[in-house]
Amino acid sequence: MRVDPSTHPTVGNAPDGTVLTSAPQDTAVDHAAAAARRVVDALLRTDRSNANLERVAEELNSIAEHLEEHAPAVAERLVDMWAGEGVTRHDPVTGPENALAPPLVVTGHDDGSVRSVVSLTMPYQGPPGHVHGGVSALLLDHLLGVANAWSGRSGATAQLNVRYHRPTPLFEPLTVSGRLASQDGRKINTVGDIRTADGTVCVSVEALFVDKTVPRPR
């Protein structure tokens, strides 16, 4: 998505606290995605000796077969995904239609930063009781892209320098934030971090984006 400041919310042209991501809606697809997240979490929590798991597998396979039967061709689906104003509902970080997403709801603020508060659960675990480092990098990479858009810029990630200060806990509110730090022609430098509720930094990032985007499917 190439940002058009005249139509996309940007700092100075939109109120403090503007929601920059697609919020969950009272729709069947959002309900189904939320239910799928619940199933994934429940499977990780359940006792693997549960005698009903074979029946669960049969029911889940039946549901998958039904969805696959009603799925359009991938090329057609990609066009539909990327139609409209470009606020995606399907990405793996903020997409309410994507069962992989927590999902994060990101807000833009007058100081140029963007922020989201999220509590991650079992599906995102790496070290015991803590967030997988790759998941932390995924959240930050995406959030920095939103920070660029909030500042009226857009670009592709060219470099992501992630520093892990301490393990990031599961089951606790985490604040993920980012802001555009500087610009040099097509180069965009953006920074961010993940903090616990008391402000302790768990992960920080410095990133380079280049003002180049992948064209949308047509």
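If you're wondering where the values come from, they're calculated on a predicted model, not measured in any experiment.

Cut-offs used in this document
Residues numbered from 1 in each chain as written. Predicted model: local features only at pLDDT ≥ 70, side-chain atom pairs only at ≥ 80, totals over all residues. Heavy atoms only, no water. Helix = DSSP H or I, 4+ residues; strand = E, 2+ residues; numbered from the N terminus. Rg over C-alpha atoms; globule rule 2.2 N^0.38 Å. Buried < 20%, exposed > 50% of the residue type's maximum accessible area, 1.4 Å probe, protein only. Contact = heavy atoms within 4.5 Å. Lys, Arg positive; Asp, Glu negative; His and termini not counted. Charge placed at Lys NZ, Arg CZ, Asp CG, Glu CD. Pairing = 2+ DSSP bridges. Salt bridge = Lys/Arg side-chain N within 4 Å of Asp/Glu carboxyl O.

(A) Region of the structure containing the overall build of the protein chain. Along its length, the protein chain carries 4 helices and 7 strands. In terms of C-alpha radius of gyration, the protein chain reaches 19 Å, essentially the compact-globule figure of 17 Å for 218 residues. Referenced to the eigenvectors of the C-alpha coordinate spread, the extents of the protein chain come out at roughly 60 × 45 × 30 Å. Put simply, the protein chain has 218 residues, and 33% of those count as buried. Pairs at least 24 residues apart make up 68% of the contacts formed inside the protein chain by residues separated by at least 6 positions. The distance from the centre of the 19 positive side-chain charges to the centre of the 26 negative ones in the protein chain is 8 Å.

(B) Spatial organisation of the sheet that holds strand E3 (residues 113-118). Overall, antiparallel pairing links the 7 strands, which are arranged E1-E2-E3-E5-E6-E7-E4 in an open sheet. Edge strands, defined here as strands with exactly one partner in the open sheet, are strand E1 (18-19) and strand E4 (156-164). Looking at chain direction, strand E6 (residues 187-196) and strand E7 (residues 201-210) are connected through 9 bridges and run antiparallel. In the strand pairing of E7, Ile194 is matched with Val203.

(C) Expanded view of the pattern of salt bridges. Within this structure, the stated rule accounts for 9 salt bridges. Of the charged contacts, one joins Arg89 and Asp30 as a salt bridge, the two residues approaching to 2.5 Å between their closest N and O atoms. With Arg89 in the loop between helix H3 (74-81) and strand E2 (107-108) and Asp30 in helix H1 (residues 28-45), this pair connects stretches of sequence that are 59 residues apart. Like Arg89, the residue Asp30 is buried in the burial classification. Across the pair Arg77 and Asp80 runs a salt bridge, and its minimum N-O distance is 2.6 Å. You can see Arg77 and its partner Asp80 sitting in helix H3, 3 residues apart, about one turn around the helix. On the basis of relative accessible area, Arg77 is assigned to the partly exposed category, the value being 28%. Members of the salt-bridge network, linked through shared partners, are Asp30, Arg77, Asp80, Arg89 and Glu97.

(D) Representation of unusual backbone geometry in the model. A cis amide bond links Pro102 with the next residue in sequence, Pro103, at an omega value of -15°. By the secondary structure assignment, Pro103 is in the loop between H3 and E2. The backbone of Phe171 sits at a positive phi, close to 65°, despite the residue not being glycine. Its place among the elements puts Phe171 in the loop between E4 and strand E5 (174-184). On the accessibility criterion, Phe171 (42% relative accessible area) is partly exposed.

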